[in-house]
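A structural walkthrough
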Amino acid sequence: MIFLKSGGYMIKMKASVIVAAYNEEKYISKCLESIRNQDFPLNNLEVVVVDDGSTDNTEKIVMGYEGLNIRYFKQSNEGIAVAWNNAMSKSTGEIYLFVDGDDFITENCVSRCVKSLDNHPEIGMVYSQHARTEEDGTIIKIQEKPEWDKEVFRNSEFNFVGHVKGIRSEVAKSQEFDPFFKYSQSRDWMMRLADSGVEFKYISEMLYFWRKNPGSIGQVLSDQDRKRFSKLTRDKGLRVNDAR
């Protein structure tokens, strides 16, 4: 195992799997296991874990995990947007994939995203179908998604891109996540990327398992708050478009 802590030796990788985690002791092993089981060469892949101030055994589990090039960083509890921004600043990969610490991915997730981006140099980000699962990982349903259309995305009530997101590093770093949004942060980020000219591509395959975690921010927030943040990101995108 190559374990690199903050300030450690950095090796340029083809892909960085960015994992944001907060009190994920029940789930983080499954997340890391799914990354270790990729059909993509592990010697060209790093896992960048940013721990958003966990108070459980998340750190101990990650630091003891074998078989992956892991770089682990811990921050105070500042939210997932700050965690993602910190992770991007510390990642070396040409391509980033974002995976939540309580979720997991199919064995071809990394290779499929990398191949799609390599084959389509005009594309900045790819996204796929995902499976919604119970807390134990049992699949509830497969979420199919539409082909990319910026204005449909802008006007949709919710973020239909969701999971998984594979993105070129230079594209990802061109916009930071906004810490104001406690929910639907990625929608605001992706809308700004799209408005800057980034092209998206849909991969019509299921590559990601989105776990129903009762402790996640999406579950802890009330329906009213989730809708409020979704509406705020949608309205922000509409205002930007109207000002053009």
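Residues numbered from 1 in each chain as written. Predicted model: local features only at pLDDT ≥ 70, side-chain atom pairs only at ≥ 80, totals over all residues. Heavy atoms only, no water.

Quick look at the overall build of the protein chain
Each helix and strand counted, the protein chain has 9 helices and 10 strands in total. Expressed as a percentage of its 244 residues, the buried residues of the protein chain come to 53%. For the protein chain, long-range pairs separated by at least 24 residues make up 77% of all intrachain contacts whose partners lie at least 6 apart in sequence. Element-wise, carbon and sulfur atoms account for 49% of the exposed surface of the protein chain, whose accessible area totals about 11100 Å². (Helix = DSSP H or I, 4+ residues; strand = E, 2+ residues; numbered from the N terminus. Buried < 20%, exposed > 50% of the residue type's maximum accessible area, 1.4 Å probe, protein only. Contact = heavy atoms within 4.5 Å. Areas by Shrake-Rupley, 256 points an atom, 1.4 Å probe, with all protein chains shown as cover.)

Some thoughts on the environment of Tyr96
As for its position among the elements, Tyr96 is in strand β5 (residues 95-100). Once residues lying within four places of it in the same chain are set aside, the contact partners of Tyr96 are Ser16, Ile18, Met88, Ser91, Lys165, Gly166, Ile167, Ser169, Ala172 and Lys173.

A word on the pairing of strand β4 (residues 70-74)
Here β4 lies mainly inside the structure; 4 of its 5 residues are buried. Taken together, the 5 bridges between strand β3 (residues 45-51) and β4 define a ladder with parallel strand orientation. Within β4, the position partnered with Val50 by the bridge is Phe73. (Pairing = 2+ DSSP bridges.)

Looking at the pattern of salt bridges
In the structure shown here, the tally under the stated rule is 10 salt bridges. Lys14 is the salt-bridge partner of Asp118, the closest N and O atoms lying 3.2 Å from each other. Pair noted here: Asp118 is in helix α4 (residues 109-119) and Lys14 is in the loop between β1 (3-5) and β2 (15-21), with a separation of 104 residues, a long-range link. One network of salt bridges, in which partners are shared, links Lys150, Glu151, Arg154 and Asp195. (Salt bridge = Lys/Arg side-chain N within 4 Å of Asp/Glu carboxyl O.)

Remarks on the nonpolar core
Within soluble globular proteins, side chains that are nonpolar tend to cluster in buried spots. In this structure, Val19, Leu32, Ile35, Val47 and Val110 are the most contacted members of the largest nonpolar core, which totals 32 residues. Of all the secondary-structure elements, those providing two or more residues to this core are β2, α1 (28-36), β3, β4, β5, α4 and β10 (200-211). If we skip the residues at most four places from it in the chain, Val19 touches Ile28, Cys31, Ile35, Val47, Val48, Val49, Val50, Val99, Asp100 and Gly101. Judged by nonpolar contacts, the second largest core, of 30 residues, contains Ala87, Met88, Trp148 and Phe160. (Core = buried A, V, L, I, M, F, W, Y, C linked by side-chain atoms within 4.5 Å.)

As for the packing of helix α3 (residues 80-90) against helix α7 (residues 185-195)
Where α3 meets α7, the axes come as close as 10 Å, and the angle between the chain directions of the two elements is 50°. Judged by the angle between their axes, α3 and α7 are oblique. Along its contact with α3, which presents Ile80, Ala81, Trp84 and Met88, the element α7 presents Gln185, Ser186 and Trp189. The residue makeup of the contact of α3 with α7, split by class, is 5 nonpolar, 2 polar and no charged. (Axes fitted to C-alpha atoms, helices over the stretch in contact; angles between N-to-C directions. Parallel < 35°, antiparallel > 145°, perpendicular 65-115°, else oblique. Nonpolar A, V, L, I, M, F, W, Y, C, P; charged D, E, K, R; others polar.)

Some points on the side chain of Ser16
The topology assignment puts Ser16 in strand β2. Separated by 2.8 Å, the side chain of Ser16 and the backbone nitrogen of Gly93 make a polar contact. Apart from the residues lying within four places of it in its own chain, the contact partners of Ser16 are Glu46, Ser91, Thr92, Gly93, Ile95, Tyr96 and Leu97. (Polar contact = N/O pair within 3.5 Å; in protein donor to acceptor, adjacent residues only side chain to side chain.)

Some points on the pairing of β5
Taking burial as the measure, the 6 residues of β5 include 6 buried ones, the bulk of the element. Two strands pair when backbone bridges link them, and β2 and β5 are joined in this way by 6 bridges, in the parallel orientation. What sits directly across from Val17, in β5, is Leu97. Of the pairings in the sheet, the one linking β5 to strand β9 (residues 165-168) comprises 4 bridges and is antiparallel in character. The partner of Phe98 across the bridge, within β9, is Lys165.

Thoughts on α7
With 10 of its 11 residues buried, α7 lies for the most part within the structure. For α7, the set of buried residues is Gln185, Ser186, Arg187, Asp188, Trp189, Met190, Met191, Leu193, Ala194 and Asp195. Among the residues trailing α7, Gly197 stands out with phi positive, at a value near 110°.

Any link to function would need more than the numbers given here.
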